[in-house]
Amino acid sequence: MRIIQFSDSFIPIMDGVGNVVYRYAVNFGKKGHESYVVAPQTNTGYRGNYPFEMIDYVGVPLWKMNSYTVGTPKMDSHFKKRLQMIEADIVHVHSPFMAGQAGMSYAKKRKVPVIGTFHSKYYDDFLQVTGIELLAEAGVKIVVDFYEKCDEVWAVSESSAQTLKDYGYEGSVRVMPNGTDTKEILPEKVIEIKEKLGIGTESILLFVGQMNWKKNIETTLRAFAMLNGDLKLVLAGRGPHEAEIKALAEKLGISDRVIMPGHITDSDLLNALYSSAQLFLFPSIYDNGPLVVREAAAAGTPSVVVRGSSAAECVKDGVNGLLCENDPANLAMVVQKALLDERELEAMGKRAKMTIPIPWSSIAEDVLWEYKRVIERTKQ
């Protein structure tokens, strides 16, 4: 098959959506399919050794979210010429915005089917950027209209499928979960990351993701301020609210115990950090099917997530992770209790590693089978 994915985020901005697109593309290429990724250009860095073809268009930093880029594919003549040379069998869009619109336009011209994956709680994003509820509601209507034009709609979790329906989408939604590859933890990388972060014998509580209030980082900070013991909180990632997060840590009197290293781009170092943590704290109620919870599990580290959230769909309380309420005091209580039993915490991490990760190669096989089904259906 010739497969083109369209996404508004991609390397080097490896958020959840970009990560999914990348893992799909890599595995499609490894399985002998022609795989292409369309995304806005972030930099002109080296892109060799990929088993897929990158087709990017000119991008500029997104207002209030400078780590992301946005562009207008229709205005990039070089991009349009490159895209016209490809005869795809199926289009998979991962965004309803510029990249997704370009994918929809391409599919209509080529008369090939379009699968659209719903990844994000767009209402929350619109509200954060505009600060106006009416504009956020108008934005959601545009999102729903886009997905109604797709031949098939997917979501990364049951709760994200429900979110799309709550927005007003009335069609069917197929759940296609995210995967995670278990990797060897290199002892020398564990030593290296601890030295880089200045961590000795302290226990580590970890968060990986955007430095954005929508990730419920305030709850994490306030909970950490209530904890006793020789602990360090590592917040790994970049985002629009880094300065505000540092200011709150200072106000709470925990800045000397909070480490913010920014993006950790070395995957071996990041895996070493995951494995070094006693607990992965992810009380976000914004994220849909978050990859980071699965990545932590793949490294043998159990997560603490909010009961009823999308992140909690793969977690069985006290078995392969822990559930808490969306409340700093309750999160602190759950963490403090877990840290008292090191043996059970280690066993919980092993169970998380056995039960939560699904290899990306397996997910890709399912996706490719679904592609073939949709292609055959649309030919009828």
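Our structure's up above, just so we're on the same page.
In this report, the structure presented in the accompanying data block is examined.

Cut-offs used in this document
Residues numbered from 1 in each chain as written. Predicted model: local features only at pLDDT ≥ 70, side-chain atom pairs only at ≥ 80, totals over all residues. Heavy atoms only, no water. Helix = DSSP H or I, 4+ residues; strand = E, 2+ residues; numbered from the N terminus. Rg over C-alpha atoms; globule rule 2.2 N^0.38 Å. Buried < 20%, exposed > 50% of the residue type's maximum accessible area, 1.4 Å probe, protein only. Contact = heavy atoms within 4.5 Å. Areas by Shrake-Rupley, 256 points an atom, 1.4 Å probe, with all protein chains shown as cover. Salt bridge = Lys/Arg side-chain N within 4 Å of Asp/Glu carboxyl O. Disulfide = S-S within 2.5 Å. Polar contact = N/O pair within 3.5 Å; in protein donor to acceptor, adjacent residues only side chain to side chain. Axes fitted to C-alpha atoms, helices over the stretch in contact; angles between N-to-C directions. Parallel < 35°, antiparallel > 145°, perpendicular 65-115°, else oblique. Nonpolar A, V, L, I, M, F, W, Y, C, P; charged D, E, K, R; others polar. Left-handed = near helix turned anticlockwise from the far one by under 90°.

1. Overview of the overall build of the protein
Here is step 1: Helices and strands together make up the secondary structure of the protein, namely 14 helices and 15 strands.
Here is step 2: Against the compact-globule benchmark of 21 Å for 380 residues, the protein has a radius of gyration of 21 Å, which places it among compact chains.
Here is step 3: Oriented by its inertia axes, the alpha-carbon framework of the protein measures out at about 60 × 45 × 40 Å.
Here is step 4: Taking all 380 residues of the protein together, 55% fall into the buried category.
Here is step 5: Long-range pairs, those at least 24 residues apart, make up 68% of the contacts in the protein between residues at least 6 apart in sequence.
Here is step 6: Within the structure as shown, the protein displays about 17,500 Å² of accessible surface, and the carbon and sulfur contribution to it stands at 51%.

2. Thoughts on the pattern of salt bridges
Here is step 1: In the structure shown here, the tally under the stated rule is 18 salt bridges.
Here is step 2: Across the salt bridge formed by R174 and E370, the nearest N and O atoms sit 3.7 Å from each other. With R174 in strand β9 (residues 174-175) and E370 in helix α14 (residues 360-379), the pair connects residues that are 196 residues apart, well separated along the chain.
Here is step 3: Look at E370 and you get buried, because its relative accessible area is 10%.
Here is step 4: Ionic contacts of the salt-bridge type, sharing partners, join the residues E152, R174, E370, R373 and R377 into one network.

3. Side note on the environment of M260
Here is step 1: Inspection of the secondary structure puts M260 in strand β12 (residues 258-262).
Here is step 2: Residue class for M260 comes out partly exposed when judged on its relative accessible area of 22%.
Here is step 3: Setting aside anything within four residues of it in sequence, one finds M260 in contact with M211, L235, E242, I245 and K246.

4. Regarding the state of the cysteines
Here is step 1: Using the criterion set out here, one finds zero disulfides in the structure.
Here is step 2: For the unlinked cysteine C324, the closest cysteine sulfur is that of C314, found at 14 Å.
Here is step 3: Residue class for C324 comes out buried when judged on its relative accessible area of 0%.

5. Describing the side chain of D287
Here is step 1: Here D287 lies in the loop between β13 (279-282) and α11 (291-298).
Here is step 2: Looking at D287, its side chain comes within polar contact range of the side chain of K215, at 2.6 Å.
Here is step 3: At 2.6 Å, the side chain of D287 and the side chain of S284 are in polar contact.
Here is step 4: Setting aside residues no more than four positions away along its own chain, D287 makes contact with K215, F282 and S310.

6. Considerations on the packing of helix α1 (residues 16-30) against α14
Here is step 1: With their axes 9 Å apart at the nearest point, α1 and α14 run at an angle of 80 degrees to one another. One finds that α1 runs roughly perpendicular with respect to α14. Of the residues in α14, those in contact with V20, R23, Y24, N27 and F28 of α1 are W360, S361, I363, A364, V367, L368 and Y371.
Here is step 2: Along the lines of polarity and charge, the residues of the contact of α1 with α14 split into nine nonpolar, two polar and one charged.

7. As for the environment of S362
Here is step 1: Summarising the element assignment, S362 is placed in helix α14.
Here is step 2: Counting along the chain gives 253 residues from S362 to K109, while the straight-line C-alpha distance between them is 32 Å.

8. So, the packing of helix α8 (residues 217-225) against helix α9 (residues 242-251)
Here is step 1: Packing of α8 against α9 leaves a shortest axis separation of 10 Å and a crossing angle of 20 degrees. In terms of axis orientation, α8 runs roughly parallel to α9. The handedness of the crossing between α8 and α9 is right-handed. For the pair α8 and α9, the contacting residues are I217, E218, L221 and R222 in the first and I245, L248 and A249 in the second.
Here is step 2: When the residues that make up the contact of α8 with α9 are grouped by side-chain class, the tally is five nonpolar, no polar and two charged.

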